[in-house]
Amino acid sequence: MDFFEKWIEYDFNPFLMFNKEGKVVSLNQEAQFLIGSVAPSVLYELALSYASASYGFKTTFVNLEFGRFKFFGICVGYENDENIGIKLYQYPSMKIENIEEDVGEITNIYALIDLCISANATKTDAKFTKILDPTFPEIKIKTEYFIKLLNHIYELFLDSKEIKTKLYFKIGEYLKLKQKKYTLFAIDICGDNIKKSSFDELKELAQEINGYIETHKNCITISAPIIYND
């Protein structure tokens, strides 16, 4: 790669180039992480929607959110009918600067989820339901903080009629630190009635397990890296 190619490759902002059929012909490292949260076809349609009426480049300020990725603007450019490129400008976000591989205990996540559900089921008439990936391995995590985080989230949903818990792998999405990739897992907790909260304590607890949280209309998602013993 020449200097300018490297500049694009290591840019913090995702960049993708599509051909006229909507197939990705080039993308940088950050875009590889982004397409774990959104299909390339969605980004292609976005590029077409915000492209200038004639050949050239057009920058638009627009709020977009795809999973943990949040953007404040996009630039779309094309000089012929064969290819079109899009660059998405990210909001600064919480970054995990130091993943602590050597801190925590090898843990059965199923057991911790069941423990927290049992503790909170006595406080509500809500029905608890679970969808748990049956192939999830034992991982290293700070058990104390994980339990605190899970309990705190369940408490926000205790006025719901049903509280749903889903454990799954985040396919195609990673955290990267010092050239090492960490596969992510996620836990969605959803209900029809969520109490208002600043979520500051949740964010702090999530950082203790090397993770982060995302809030949606009726759900809170915990995401964290899968760390094993060597």
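Every chain is numbered independently, its residues counted from 1 as its sequence is written. Where local features are concerned, this predicted model is filtered to residues with pLDDT of at least 70; where side-chain atom pairs are given and counted, the filter is 80 or more; whole-chain, interface and lining totals use all residues. Note: side-chain values were computed over all heavy atoms of the structure, leaving out hydrogens and water.

*Asks:* Honestly, the pairing of strand β11 (residues 212–215) in this entry has me stumped. Any pointers?
*Replies:* The side chains of a regular strand alternate, residue by residue, between the two faces of the sheet. Pairing of β11 with strand β12 (residues 219–225) involves four bridges; the strand directions are antiparallel. Each residue of the ladder has a partner; that of Ile-213, found in β12, is Ile-222. Between β11 and β12, which pair antiparallel in sequence order, lie three residues. Note on pairing: DSSP must find at least two bridges between two strands before they are called paired. We count a stretch as a helix when DSSP gives it H or I for four or more residues in a row; a strand needs E for two or more, and each element gets its number in order from the N terminus.

*Asks:* Any chance you could explain the state of the cysteines here in plain terms?
*Replies:* Among covalent bonds in proteins, the disulfide is the one between the sulfur atoms of two cysteines. By definition, disulfides here are pairs of cysteine sulfur atoms that lie within 2.5 Å. A complete count under the given rule lists one disulfide for this structure. With a sulfur-sulfur separation of 1.9 Å, Cys-190 is cross-linked through a disulfide to Cys-219. What sets the handedness of the Cys-190 and Cys-219 disulfide is the S-S torsion sign, and at about 110° it is right-handed. One end of the pair, Cys-190, is in strand β10 (residues 180–191); the other, Cys-219, is in strand β12, with 29 residues separating them in the sequence. Cys-219 matches Cys-190 in its accessibility class, with the two residues each being buried. Whether a residue is buried, partly exposed or exposed follows from its accessible area with a 1.4 Å probe, protein chains only, as a fraction of its type maximum: under 20%, in between, or over 50%, in that order.

*Asks:* Mind showing me how you'd approach the sheet that holds strand β1 (residues 15–19) here?
*Replies:* Whether parallel or antiparallel, the strands of a sheet pair through hydrogen bonds between backbone atoms. In space, the five strands of this open sheet follow the order β2-β1-β5-β4-β3, with antiparallel pairing throughout. Bordering the open sheet on either side are β2 (24–27) and β3 (56–66), each of which pairs with just one other strand. Between one strand and the next, the sheet's axes are offset by a mean angle of 20°, whatever the strand orientation. In this structure, β3 lies alongside strand β4 (residues 69–78), joined through nine bridges in antiparallel fashion. Within β4, the position partnered with Lys-58 by the bridge is Val-76. Note on contacts: a residue pair qualifies if any of its non-hydrogen atoms lie within 4.5 Å across the two residues. Only C-alpha atoms enter the line fits that serve as axes; for helices the fit covers just the stretch in contact. Angles between N-to-C directions range over 0 to 180 degrees. Contacts from helix α3 (residues 40–50) reach β1, β2, β3, β4 and β5 (83–90), with the element oriented near 100° to β5.

*Asks:* In this structure, what is going on with the pattern of salt bridges? I would like to understand it.
*Replies:* Pairing is possible between side chains that carry opposite charge, provided their charged atoms lie close to one another. What makes a salt bridge here is a side-chain nitrogen of Lys or Arg within 4 Å of a carboxyl oxygen of Asp or Glu, nothing more. One pass over the structure, following the stated rule, counts seven salt bridges. Between Lys-87 and Asp-11 there is a salt bridge whose closest N-O contact spans 2.8 Å. Here Lys-87 is found in strand β5, whereas its partner Asp-11 is found in the loop between α1 (3–9) and β1, with 76 residues between them in sequence. Residue classification places Lys-87 among the partly exposed positions, given a relative accessible area of 24%. Glu-208 serves as the salt-bridge partner of Lys-142, at 3.2 Å between the closest nitrogen and oxygen. Residue Lys-142 is found in the loop between β8 (139–141) and α5 (143–156), and its partner Glu-208 is found in helix α6 (residues 200–208); the two are separated by 66 residues along the sequence. Residue classification places Glu-208 among the partly exposed positions, given a relative accessible area of 29%.

*Asks:* So what exactly am I meant to see when it comes to α3 here?
*Replies:* Residue pairs three or four apart in sequence face the same way in an α-helix, which turns once every 3.6 residues. Residues of α3 that are buried: Leu-43, Tyr-44, Leu-46 and Ala-47. Down the axis of α3, the sector holding all buried residues measures 160°, keeping them to one side. Buried residues along α3 sit against β1, α2 (29–34), β3, β4 and β5. Directions pointing from the helix axis toward each C-beta atom define the arc.

*Asks:* How do you make sense of the pairing of β5 when you look at a structure like this?
*Replies:* When β1 meets β5, the two strands line up antiparallel, connected through five bridges. Residue pairing across strands places Phe-18 opposite Ile-84, the latter belonging to β5. Relative to β5, β4 runs antiparallel, the two being bridged by six bridges. Looking at β5, one finds that Cys-75 is bridged to Lys-87. Following β4, the chain reverses through four residues before pairing antiparallel with β5.

*Asks:* Is there a simple way to think about the environment of Lys-203 in this case?
*Replies:* Along the polypeptide, Lys-203 turns up in helix α6. The spacing of Lys-203 and Ile-213 is ten residues in sequence and 6.3 Å in space, taken between C-alpha atoms.

*Asks:* What's the story with a nonpolar patch on the surface in this structure? I'm lost.
*Replies:* To count toward a patch, a residue needs a relative accessible area over 30% and no salt bridge; like charges are then connected within 9 Å, while nonpolar side chains (Val, Leu, Ile, Met, Phe, Trp, Tyr) are connected within 5 Å. Exposure was quantified through the Shrake-Rupley algorithm and a 1.4 Å probe, taking into account, for residues, occlusion by the shown protein chains and nothing else. Nonpolar side chains collect at one region of the surface, where Phe-3, Phe-4 and Trp-7 lie side by side and expose about 440 Å² of accessible area between them. On the secondary structure map, Trp-7 appears in helix α1. Under the relative-accessibility criterion, Trp-7 is labelled exposed at 58%.

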